[in-house]
Amino acid sequence: MTDQPGGITRQEITSQPEVWAEVLRSLSGSGFPLQPELPTGQGLFIGAGTSLYLARSLAHIFRAVTGAPLSAVPPSDLLVCPQDYNLPEQLWAVGISRSGTTTETVKALAAMKNDFGRKTFALTCHEGCEMTEHADHVLATPQAAEKSVVMTRSFTSMLLAMSRWAFLASGRDDLLEAQERLPEALSSVWLQLVKDAQSAVERFSPKQIVTFGQGSYYGLACEVALKVKEMAIQPSEPFHSLEYRHGPKSIANENTFVVALLSDGGRNYEADLLRDVKALGAKVWAIAGSDEGLDAEQADLITVLGKEIPELARLPMVLPVAQLFGLEYALSRGEDPDSPKNLTQVVTL
Ligand code: F1P
């Protein structure tokens, strides 16, 4: 399988149910390496590329369940314009990096700890990586380390692992228990996900790709757009879903392909938006917990993930079908996602 173009990436995408199960096993009970309580004060999630998008989703999840003030920032901002950031005494910072060697992230976390004396954490797939030298505490998912340049299972596994901290800190036993069911839930829809990803490529021959998501789905929408760029070498643009009406819809036409990640709570707003963009000629693929409020007027293809897992615990399930889409789209264009153009696994300055 790995001799085929994209074979390594496909293997890593496909391994997610087992890898999630291993991550959960290692982090259950006393295996969770961080104090369950969050530090007091404001949290800052710092990451580059895919890890920035992960930071965005995590900041939203943490805010939603703990009520703590949280934000996400690319490490480059903390290097280029640190004076623009208010870094209160009580600030705690989490460096997010699959490799733990991205220069910007390592430097930013080092500055947080050594120059500003803030409490620091590291989220990574490589225990003992350079970034951890500047972290007071480390959360690692080595089971999800990857050979591929593009990040797939590392994203969902770090999302799963870090969300656990938010659920522990807020005493949300229901969400912790729900996470345990994720590997099985993903396996149970896997064949349909593979079919839907192929069908999205074959039926719609996507051109101008835009991705939609609100709240914690926005970081995921950014990540889906990045998979299209990195794997298929095609332009793509993420939006907070309803922002699309505020200008960007001017370029919507029959070449537009919308990948819409739908929330459970905002379905009325989001379904109305999809109907509007379809009326402009766009093709729409909706990925959601259920097909409630959706039919042919709103979407050309609907991927249903199931609502057995509550939404905040279910978020890692949103990605695999979009990762498969990026892979199939790349292969249909003669690209090899195992060797993405112009990219390296780590950006070092
Ligand atoms: C990962 C990253 C990837 C991206 C690219 C460069 O950094 O930014 O997201 O696909 O290949 O590296 P990190 O998570 O290891 O810091």
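Here the structure is a predicted model, which is why all the values come from computation and not from measurement.

We now examine the overall build of the protein chain. Each helix and strand counted, the protein chain has 12 helices and 10 strands in total. What you see for the protein chain is a C-alpha radius of gyration of 19 Å, in line with the 20 Å of a compact globule of 349 residues. Contacts in the protein chain between residues far apart in sequence, at least 24 positions, make up 74% of those at least 6 positions apart. A total accessible area of about 13,900 Å² is found for the protein chain, and carbon and sulfur atoms account for 48% of it. In the protein chain, which carries 29 positive and 42 negative side-chain charges, the distance between the mean positions of the two groups comes to 3 Å.

Strand order in the open sheet formed by five strands is β7-β6-β8-β9-β10, with parallel pairing between adjacent strands. Every other strand in the sheet has two partners, leaving β7 (236–239) and β10 (301–304) as the edge strands with one partner each. Taking the axes of each pair of neighbouring strands and ignoring which way they run, one obtains an average angle of 15 degrees across the sheet. As judged from the five bridges shared by strand β8 (residues 256–261) and strand β9 (residues 283–288), these two strands associate in the parallel manner. Across the sheet, the residue bridging to leucine 261 is isoleucine 287, located in β9. Sheet strands touched by helix α8 (residues 182–204): β8, β9 and β10. Its angle to β10, the strand with the most contacts, is close to 160 degrees. Relative to β9, helix α10 (residues 267–279) is tilted by about 160 degrees, and along the sheet it contacts β6 (208–212), β8 and β9.

This part covers the packing of aromatic side chains. Applying the stated rule across the entire model yields 12 aromatic pairs. Here phenylalanine 257 and phenylalanine 325 contribute two aromatic rings whose centre-to-centre distance is 5.8 Å and whose plane-to-plane angle is 40 degrees, an arrangement assigned as tilted. Taken together, the residues span a long stretch of sequence, with phenylalanine 257 in strand β8 and phenylalanine 325 in helix α12 (residues 319–332) at a distance of 68 residues. Using a relative accessible area of 1% as the deciding quantity, one classes phenylalanine 257 as buried. Centre to centre, the rings of tryptophan 285 and phenylalanine 325 are 5.5 Å apart; their planes meet at 70 degrees, and the pair counts as edge-to-face.

Let us look at the pattern of salt bridges. As enumerated under the stated definition, the model contains 14 salt bridges in all. The salt bridge partner of arginine 275 is aspartate 272, with a shortest N-O separation of 3.3 Å. Of this pair, arginine 275 and aspartate 272 are both found in helix α10, three residues apart, which corresponds to roughly one turn of the helix. In this structure, the salt-bridge partner of glutamate 292 is lysine 307, at a minimum N-O distance of 3.8 Å.

Each value, and the rule that gives it
- Residues numbered from 1 in each chain as written.
- Predicted model: local features only at pLDDT ≥ 70, side-chain atom pairs only at ≥ 80, totals over all residues.
- Heavy atoms only, no water.
- Helix = DSSP H or I, 4+ residues; strand = E, 2+ residues; numbered from the N terminus.
- Rg over C-alpha atoms; globule rule 2.2 N^0.38 Å.
- Contact = heavy atoms within 4.5 Å.
- Areas by Shrake-Rupley, 256 points an atom, 1.4 Å probe, with all protein chains shown as cover.
- Lys, Arg positive; Asp, Glu negative; His and termini not counted.
- Charge placed at Lys NZ, Arg CZ, Asp CG, Glu CD.
- Pairing = 2+ DSSP bridges.
- Axes fitted to C-alpha atoms, helices over the stretch in contact; angles between N-to-C directions.
- Phe/Tyr/Trp six-rings, centres within 6.5 Å; stacked < 30°, edge-to-face > 60°.
- Buried < 20%, exposed > 50% of the residue type's maximum accessible area, 1.4 Å probe, protein only.
- Salt bridge = Lys/Arg side-chain N within 4 Å of Asp/Glu carboxyl O.

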